[in-house]
Amino acid sequence: MKAWGGRFKGKTDPLMERFSASILFDRALYEHDIEGSKAQAGMLKKIGILTEKEAREIVAALNEIKAEIKEGVFKFSDALEDIHMHVEARLIEKVGDTGKKLHTGRSRNDQVSLDMRMFLKEELGQIDTCLLQLLKTLVNRAGREKKTIMPGYTHMQKAQVVTFAHYLMAYYYMLKRDRGRMGETMKRVDVLPLGCGAIAGSTIPLDREFLRRKLMFSRVSENSMDTVSDRDFVLDSVYSVAMIMLHLSRFAEDMIIFSTEEFSFVSLPDELCTGSSLMPQKKNPDALELLRGKTSRVIGDLFSLFTLLKGLPMTYNRDLQEDKEPMFHAINTVKDAISIAGLCIKRMKVNKKGMEKAVYESFMPAVEIAEYLTVNGTPFREAHTIAGRMVRDCEEKGKLLQDMALIDMKGYSKVFGDDIFDYINPHTILNTRKTTGGASFVEVEKEIEREKIYINS
């Protein structure tokens, strides 16, 4: 019989059973569902609903059910809809009428919220650990690349010389923000919903504080109607994951571009690449392309949840069954994506000569030429115009700014002196430049050391 079968005369249509079943995916919550039920049994014993013996029997049976599911011998059926009903039905098979007492003061509405919050507490903790490891990998690689110079780009055009360490640390700070965002999300997930029942609690004197301590939540929820309909914590979690994926996707795009023959700044690890079934020379960055592609699906997970929730009336509605698949997908995807990015950063080969060649074969020193003129008394707008004319003329003559003779430079401004060539040398630029990004070798080194302290604290 269905848990709600007393109200109905006829049987549920098999089509309805198949259409409404969520066991195919929510079985992933079985461990959390069973742990929540064990805590429920302890609480019911405390308030006198269960005897000591009954509570022991229920907990022992729940442990057996957990083992059955883990070992793959547990039988699942669409007729029982979800993981909650599967566990309860099997419990009743094992301990009889005693098992029917476990659901006292509890609804599947607060039960599923509990399971999802427990799941997310565990999974977000694992993601946080993965993120911390990725941050360490970035810092360590940046420490090896403090003297590797490369072009920095805006609009995909060479802009100013930077170090590869500076570039890597930019992604470090993106992911550091992601970790902070994840921490805030974890606080909002860490709320006990159990005890709210279907919508308005219970006349039975449930001990929510006992449940909170037993299940290791920081606090109990405050409004039962809000609690059973709340999926903000799922949205927050998937949003946090989507932001991580977004940043990793940008990194993947950079590495895909930098690994092309046209750039040849990096060579990606073989274990992250595949070949072509036709073209023997190909080394395709499939792992990074898939990371970039999977980001779109995680963003889709987020918008799926937004769309699911936007028109729901208070309080619980069956639509909320559809919240789990996008949540599971987003969580599972990001862990793999972080690992892929970590392997790439750790094992890629950096073509330092190729990066340096790209720096010297550019008009990037135009910025420093304008600044040189400015610090020597020329108004910046005028200095900007002079440097722009120099670039234009060099382009027409097929040479670089540093190839110009001093006498030619003086034709643009008498301010130029012998020190201009040292001033526009890329290494000199990096050692003297002031920036909040730590572009100079000295500043990058300090930044990396500060972050080593941070990530190891």
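The sections below set out a description of the structure shown in this document. Just so it is clear, the structure is predicted and the values come from calculations on it, not from any experiment. (Residues numbered from 1 in each chain as written. Predicted model: local features only at pLDDT ≥ 70, side-chain atom pairs only at ≥ 80, totals over all residues. Heavy atoms only, no water.)

**Quick word on the packing of aromatic side chains**
So the rule is basically this: When two rings of Phe, Tyr or Trp (its six-membered ring) have centres within 6.5 Å they constitute a pair, described as stacked for plane angles under 30 degrees, edge-to-face for angles over 60, and tilted for the intermediate range. Burial status follows relative accessibility: with a 1.4 Å probe on protein chains alone, a residue under 20% of its type maximum counts as buried, one over 50% as exposed, and anything between as partly exposed. By the criteria applied, helices consist of DSSP H or I runs no shorter than four residues and strands consist of E runs no shorter than two, each listed in order from the N terminus. Criterion for a charge above a ring: Lys NZ or Arg CZ within 6 Å of the ring centre, and within 35 degrees of the ring normal.
Inspection of the entire model under this criterion finds 15 aromatic pairs. Ring plane angle 50° and centroid distance 5.3 Å describe the contact between F258 and F265, whose orientation is recorded as tilted. Exposure remark for F265: the relative accessible area of 2% places this residue in the buried category. Here F303 and F306 contribute two aromatic rings whose centre-to-centre distance is 6.0 Å and whose plane-to-plane angle is 55°, an arrangement assigned as tilted. Residue F303 and its partner F306 are both found in helix α11 (residues 286-309); the two are separated by three residues, about one turn of the helix. Taken together through their ring pairs, the aromatic side chains of Y153, F164, Y167, Y171, F251, F258, F263 and F265 make up a single cluster. Taking NZ or CZ as reference, R27 lies 4.1 Å from the ring centre of F76, over its face. A cation over a ring is seen here: K121 above F217, with NZ or CZ 4.2 Å from the ring centre.

**A look at the pattern of salt bridges**
Definition in use: The term salt bridge refers to a pairing of a side-chain nitrogen on Lys or Arg with a carboxyl oxygen on Asp or Glu at a separation within 4 Å.
Tallied over the full model, the rule gives 37 salt bridges. Where R108 meets E81, a salt bridge forms, and the shortest distance between an N and an O atom there is 2.9 Å. Of this pair, R108 sits in helix α6 (residues 108-144) while E81 sits in the loop between α4 (52-71) and α5 (83-95), and the two are 27 residues apart along the sequence. Accessibility expressed as a relative area gives 6% for E81, which makes it buried. Across the salt bridge formed by E361 and K357, the nearest N and O atoms sit 3.2 Å from each other. Under the relative-accessibility criterion, E361 is labelled partly exposed at 44%. Here the residues in one salt-bridge network are E64, E68, R90, E93 and K94, joined through shared partners.

**What about the packing of helix α3 (residues 30-46) against α6?**
This is how it is decided: Between the N-to-C directions of two axes lies an angle of 0 to 180 degrees, each axis being a line fitted to C-alpha atoms and, for a helix, fitted only over the stretch in contact. Handedness of a crossing is defined here by the sense of rotation of the near helix relative to the far one, left-handed for an anticlockwise turn of less than a right angle and right-handed for a clockwise turn. Note on contacts: a residue pair qualifies if any of its non-hydrogen atoms lie within 4.5 Å across the two residues. As a working rule, the residues Ala, Val, Leu, Ile, Met, Phe, Trp, Tyr, Cys and Pro are called nonpolar, Asp, Glu, Lys and Arg charged, and the rest polar, with Gly in that last group.
At a minimum axis distance of 9 Å, the contact between α3 and α6 shows a crossing angle of 120°. Where α3 crosses over α6, the two elements pack in a sense that is right-handed. On α6, the residues touching H32, D33, E35, G36 and S37 of α3 are Q111, L114, D115, M118, F119 and E122. Class assignment for the residues of the contact of α3 with α6 results in three nonpolar, four polar and four charged.

**Focus: the pairing of strand β1 (residues 149-154)**
Stated formally: Between any two strands, at least two bridges found by DSSP are needed for them to pair.
Two strands pair when backbone bridges link them, and β1 and strand β2 (residues 157-163) are joined in this way by six bridges, in the antiparallel orientation. Across the sheet, residue P151 finds its bridge partner in β2, namely V161.

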